[in-house]
Each structure stands twice: as C-alpha cells, then as structure tokens.
Amino acid sequence: GAGEGPAKPRAERRVARADSLAAGPMVIPKPAEPLEAEDFSRHTRAARAVVDRALAEALTGQSRYGDAALNILSRYARTFSDYPLTGMAHTARVRVFNRRVDLARWLINLACGYDLLYGRMTTQERRWIGDKLLGEAARIIAEPPRYWADTRPEVATVTAAVLTAGYALDDRQLIDW
C-alpha cells in the first residue's frame, strides 16, 4: 500500500531526525570572527535541520516541520550578509565558514530545503530568501579562483552547490556557471 516499501524505513528515520532536531531551540551563531568549532557545528546542524524538516513536512503533511525549516531560512536570510567574509588567504573569502567547500555543503542543504518548501512560501518570501541567502551564498562560492582542471572532490561539491542553488532559484547565471 501507500507508504510501504524499501524507502519507508529511511523516510521514518528522516522524520525521527526532524523530531529530534525540533526538541530544542535551533541555535544559529551570531555573525562573528573568528569562526569557532562550535559555530561550525551549529551552522551545519541548522542546514541539515532545514532539509530534514522540509522533507518531514513533505512526507507527513505536518506544517510544523515546514514552519520550523522556513524559520531557519528566514533567520539566515536576515543575517547572512552580516557574517564577515573570512577564509584562508589562498582561497575565496566566504561567509559563515572559513572554507568555500564548507559553505558549499551548507548551501546544498539550504537549497534543497528551499526547493521542498517552495510551494508553501509567498512570492515575497521566495524572492527574499533567494536573493539575500541562496543567491548571495552561491555567488560567493562561484567567485574565482575556479579550479576546473582540478579533480578533487571539493571541486565537485562547489559545483554542485552552485547548480543546486541555481536550479532551486531558476537562476540561469548560476546554472550556466
């Protein structure tokens, strides 16, 4: 029947993880420099919570999950540009994390969550979160230097983040990057 099959245990684990993440308040570190290890963990956890909660809403139909995911996206959209541009001297400068690849992993989760929540957001919310958060993060990640000849996994992650955000936003510049 509906809801049965090999994917059911994975779906149940995602919903359980969304529930466990909802157990306490989601702490999003305030913009500061330098980035502390605890901040790295909190940003990562918040991004995973966005996609897990958005997926939990899609699987269960319970709007509380989507509300919580949208709250995180909105909080980041409000503060993202306040995070300092930091990073290693030889790499692109990024916000929230010290390395472009870490920002890329974070953005993939946010963009996937945004895409899952797209239909429940107003046009204004989509535009605001898209411009102030996803688009800005993708453009920071896409800044030079670009290592097209490089085959390290980090290059694939950076490319995937820009494309994921581009497709979520239907932004041709990001898609064609």
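Residues numbered from 1 in each chain as written. Predicted model: local features only at pLDDT ≥ 70, side-chain atom pairs only at ≥ 80, totals over all residues. Heavy atoms only, no water.

Student: I'm lost on the nonpolar core in this one. Help?
Tutor: For soluble globular proteins, nonpolar side chains are generally found buried alongside one another. Counting 42 residues, the largest nonpolar core has Leu103, Trp106, Ile129 and Leu133 as its most contacted members. Sorting the residues of this core by element identifies helix 2 (37-60), helix 3 (63-79), helix 4 (100-117), helix 5 (123-142) and helix 6 (153-169) as the ones contributing at least two each. Other than its neighbours up to four places away in sequence, Leu103 contacts Phe80, Val94, Arg95, Val96, Phe97, Ala137, Ile140 and Ile141. (Core = buried A, V, L, I, M, F, W, Y, C linked by side-chain atoms within 4.5 Å. Buried < 20%, exposed > 50% of the residue type's maximum accessible area, 1.4 Å probe, protein only. Helix = DSSP H or I, 4+ residues; strand = E, 2+ residues; numbered from the N terminus. Contact = heavy atoms within 4.5 Å.)

Student: Can you help me understand the packing of helix 2 against helix 3 in this one?
Tutor: For any two helices packed against each other, one specifies the inter-axial angle together with the distance between the axes. Axis separation between helix 2 and helix 3 bottoms out at 7 Å; the angle between their running directions is 150 degrees. In the crossing of helix 2 with helix 3, the sense of the turn from one axis to the other is left-handed. Listed contacts from helix 3 to His43, Ala46, Ala49, Val50, Arg53, Ala54, Ala56, Glu57 and Thr60 of helix 2 are Ser63, Tyr65, Gly66, Ala68, Ala69, Ile72, Leu73 and Tyr76. Broken down by class, the residue content of the contact of helix 2 with helix 3 amounts to 11 nonpolar, 4 polar and 2 charged. (Axes fitted to C-alpha atoms, helices over the stretch in contact; angles between N-to-C directions. Left-handed = near helix turned anticlockwise from the far one by under 90°. Nonpolar A, V, L, I, M, F, W, Y, C, P; charged D, E, K, R; others polar.)

Student: So what exactly am I meant to see when it comes to helix 6 here?
Tutor: Spacing of three or four residues puts side chains on the same side of an α-helix, whose turn is 3.6 residues. Taking 1.5 Å per residue as the helical rise, helix 6 with its 17 residues ought to reach 24 Å, and the 24 Å between its terminal C-alpha atoms agrees with that figure. Of all the residues in helix 6, the buried ones are Val155, Thr157, Val158, Thr159, Ala161, Val162, Ala165, Gly166 and Ala168. On the buried face of helix 6, the contacting elements are helix 4, helix 5 and helix 7 (172-175). Following helix 6 by one or two positions, Asp170 adopts a phi angle in the positive range, close to 55 degrees. (Expected span 1.5 Å × (residues − 1).)

Student: Sorry if this is basic, but what is going on with the pattern of salt bridges here?
Tutor: Proximity of charged atoms lets side chains of opposite charge pair with each other. Taken as a whole, this structure holds 9 salt bridges when the rule is applied. Asp171 serves as the salt-bridge partner of Arg139, at 2.6 Å between the closest nitrogen and oxygen. Placement of the pair is Arg139 in helix 5 and Asp171 in the loop between helix 6 and helix 7, with a sequence separation of 32 residues. Judged by its relative accessible area of 36%, Arg139 is partly exposed. On the basis of relative accessibility, which here comes to 15%, the residue Asp171 falls in the buried class. (Salt bridge = Lys/Arg side-chain N within 4 Å of Asp/Glu carboxyl O.)

Student: It is not clear to me how the packing of aromatic side chains should be interpreted in this structure. Could you clarify?
Tutor: Applying the stated criterion across every chain, the model contains 5 aromatic pairs. A ring pair is formed by Phe40 and Phe97, whose centres lie 5.0 Å apart and whose planes are at 75 degrees; its orientation type is edge-to-face. Highlighted residues: Phe40 in helix 2 and Phe97 in the loop between helix 3 and helix 4, separated in sequence by 57 residues. A relative accessible area of 1% means that Phe97 is categorised as buried. Site record: aromatic cluster; members linked through ring pairs are Phe40, Tyr76, Phe80, Phe97 and Trp106. Lying over the aromatic face of Tyr65, Arg64 brings its terminal NZ or CZ to 4.3 Å of the ring centre. (Phe/Tyr/Trp six-rings, centres within 6.5 Å; stacked < 30°, edge-to-face > 60°. Lys NZ or Arg CZ within 6 Å of the ring centre and 35° of its normal.)

Student: Even after reading the chapter, I still don't get the packing of helix 3 against helix 4, so can you show me in this structure?
Tutor: The geometry of helix 3 relative to helix 4 is characterised by a closest axis approach of 10 Å and an angle of 130 degrees between their N-to-C directions. The angle between helix 3 and helix 4 falls in the class oblique. Considering only the axes of helix 3 and helix 4, their crossing is left-handed. In contact with Gly66, Ala69, Leu70, Leu73 and Tyr76 of helix 3, helix 4 contributes Trp106, Leu110, Tyr114 and Leu117. Of the residues contributing to the contact of helix 3 with helix 4, the split by class is 8 nonpolar, 1 polar and no charged. (Parallel < 35°, antiparallel > 145°, perpendicular 65-115°, else oblique.)

So yeah, pure geometry; function would need other evidence.
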